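Chain by chain, the residues:
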Amino acid sequence: MDSVNIKELNDRIQQESSFVDLLTMEMNKVIVGQKSLIENLLIGLLANGHILLEGVPGLAKTLAINTLASAVDAKFSRIQFTPDLLPADLIGTMIYSQKSETFQIKKGPVFANFVLADEINRSPAKVQSALLEAMQERQVTIGDETFKLPEPFLVMATQNPIEQEGTYPLPEAQLDRFMLKVVVTYPKKEEERLIVRMNNTGEFPKANAILKPEDIVRARKLVREVYMDEKIERYIVDIVFATRNPEEYGLGKLKNLISYGASPRASISLSMAAKAYAFIKRRGYVIPEDVRAVCNEVLRHRIGLTYEAEAENVTTEQIIAEIINAVEVP
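Residues numbered from 1 in each chain as written. Predicted model: local features only at pLDDT ≥ 70, side-chain atom pairs only at ≥ 80, totals over all residues. Heavy atoms only, no water.

Structural notes on the overall build of the chain
Of regular secondary structure, the chain possesses 14 helices and eleven strands. Relative to the globule expectation of 20 Å for 330 residues, the C-alpha radius of gyration of the chain, 21 Å, shows essentially globular dimensions. Viewed in the frame of its principal axes, the chain has a C-alpha envelope of about 70 × 50 × 50 Å. Taking all 330 residues of the chain together, the buried fraction comes to 50%. Summarising the internal contacts of the chain: among those between residues at least 6 apart in sequence, 78% fall at separations of at least 24. In the form shown here, the chain has an accessible surface area of approximately 16300 Å², with 51% of it arising from carbon and sulfur atoms. Averaged over its 39 positive side-chain charges, the chain has a centre that lies 4 Å from the centre of its 45 negative ones. (Helix = DSSP H or I, 4+ residues; strand = E, 2+ residues; numbered from the N terminus. Rg over C-alpha atoms; globule rule 2.2 N^0.38 Å. Buried < 20%, exposed > 50% of the residue type's maximum accessible area, 1.4 Å probe, protein only. Contact = heavy atoms within 4.5 Å. Areas by Shrake-Rupley, 256 points an atom, 1.4 Å probe, with all protein chains shown as cover. Lys, Arg positive; Asp, Glu negative; His and termini not counted. Charge placed at Lys NZ, Arg CZ, Asp CG, Glu CD.)

Looking at the sheet that holds strand β5 (residues 114–118)
In a beta sheet, neighbouring strands are held together by backbone hydrogen bonds and run either parallel or antiparallel to one another. The five strands are arranged β2-β5-β8-β1-β9 in an open sheet whose pairing can be described as parallel. Of all the strands in the sheet, just β2 (76–80) and β9 (180–183) have a single pairing partner and so form its edges. Strand-to-strand, the axes of this sheet are offset by a mean angle of 20°, without reference to chain direction. Sheet topology places β5 next to strand β8 (residues 154–159); four bridges connect them, and they run parallel. Residue pairing for β8: alanine 117 is matched across the bridge by alanine 157. Of the strands in this sheet, β1 (51–54), β2, β5 and β8 touch helix α4 (residues 61–71), which is tilted by about 170° from β5. (Pairing = 2+ DSSP bridges. Axes fitted to C-alpha atoms, helices over the stretch in contact; angles between N-to-C directions.)

Re the pairing of β2
The two faces of β2 differ: Ser77 and Ile79 on one face are buried, but Phe76, Arg78 and Gln80 on the other face are not. Sheet analysis places β2 next to β5, joined by five bridges and oriented parallel. Pairing of serine 77 across the sheet is with valine 115, part of β5.

Digging into the environment of lysine 221
In this fold, lysine 221 is placed in helix α9 (residues 213–225). Here lysine 221 falls in the exposed class, since its relative accessible area comes to 57%. Separated by 26 residues in the primary sequence, lysine 221 and isoleucine 195 have C-alpha atoms spaced 37 Å apart.

What about the pattern of salt bridges?
This model, assessed by the stated rule, comprises 20 salt bridges. Note that aspartate 176 is salt-bridged to arginine 302, the shortest N-O span being 2.6 Å. Placement of aspartate 176 in the loop between α7 (172–175) and β9 and of arginine 302 in the loop between α12 (288–299) and β11 (304–305) is noted, with a sequence separation of 126 residues between them. The class for aspartate 176 is buried, based on a relative accessible area of 13%. Of the residues examined, arginine 302 reaches a relative accessible area of 3% and is grouped as buried. Each member of the salt-bridge network shares a partner with another, and the members are Asp176, Arg265 and Arg302. (Salt bridge = Lys/Arg side-chain N within 4 Å of Asp/Glu carboxyl O.)

Some words on the environment of leucine 299
If you trace the backbone, leucine 299 turns up in helix α12. Here the alpha-carbon distance between leucine 299 and serine 263, two residues 36 residues apart in the chain, equals 9.5 Å.

Thoughts on the packing of aromatic side chains
By the definition in use, this model includes three aromatic pairs. Aromatic pair phenylalanine 111 and phenylalanine 147: ring centres 6.2 Å apart, planes at 85°, arrangement edge-to-face. Separated by 36 residues along the polypeptide, phenylalanine 111 in the loop between β4 (102–107) and β5 and phenylalanine 147 in strand β7 (residues 145–148) bring together distant segments of the chain. The cationic tip of lysine 107 hangs over the ring face of phenylalanine 111; the distance from NZ or CZ to the ring centre is 4.8 Å. The lysine or arginine in question, arginine 244, covers the ring of phenylalanine 241, its NZ or CZ lying 4.7 Å from the ring centre. (Phe/Tyr/Trp six-rings, centres within 6.5 Å; stacked < 30°, edge-to-face > 60°. Lys NZ or Arg CZ within 6 Å of the ring centre and 35° of its normal.)

The following block contains the structure:
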């Protein structure tokens, strides 16, 4: 690819990505702090990937996606996952109408642009997999009819850290469907003081609708056009392969700590998230820093730890850090 094209592409993406700053500003009006949460939401939105958020209650996880939906003027629905939830409560069901003496289809809350699956690990596998079909296939089957889900379609699932009672942890194959897993942390002291003040005065800013759903669909097409050099592609594949065969990258000591490595979906997600990150930074090409910036979120839920690793208190984040330090940067 010649340099002229890249320059053209870069200029075009710089112009077209100006809405990112506006969107971030709207979200920052409502959400205090949580910079990385907002950034990851935008990456998921632009890279067409779903997001799993983990954090203790009260960290603005629900507020964040609600604010994003208002800023994009899109249909938003929130589903509270409980142990007695049924798949029909999620995707919809057939209802018998006495008037017309036929079955009619009543669509469930999953038919929205932004779906918040609150505390997804509180529901049994049957309900989780109903949602995951929708996430993967972007369609839902009710009775013998299949319905396409609206564009853009983004699922943000939240889960409380696993130690809590009465949860059904998501199986690995289902975790793999989430492009990013974001760990949400507590706010800083100053931020928390602001939050307290906002709640005391009862004055909550609202996000204005600055984008339409079709703007997001257009931006996604552009994100795909962000230029990625072959060297960067190799770098991504090397990082993912290092989670499977660490000894080939001089990381023999990790061999007994990893029970399984990341899947090919990880490579796809890593390249799409890196493109979206470059787009957010208003660049038309991907650099190694973009890949490293999204590595934790893309890989942390895709690497299995052995009992040995758990006994030694090794986290997936530490393993990812070792891999990034070991794999040669182009």
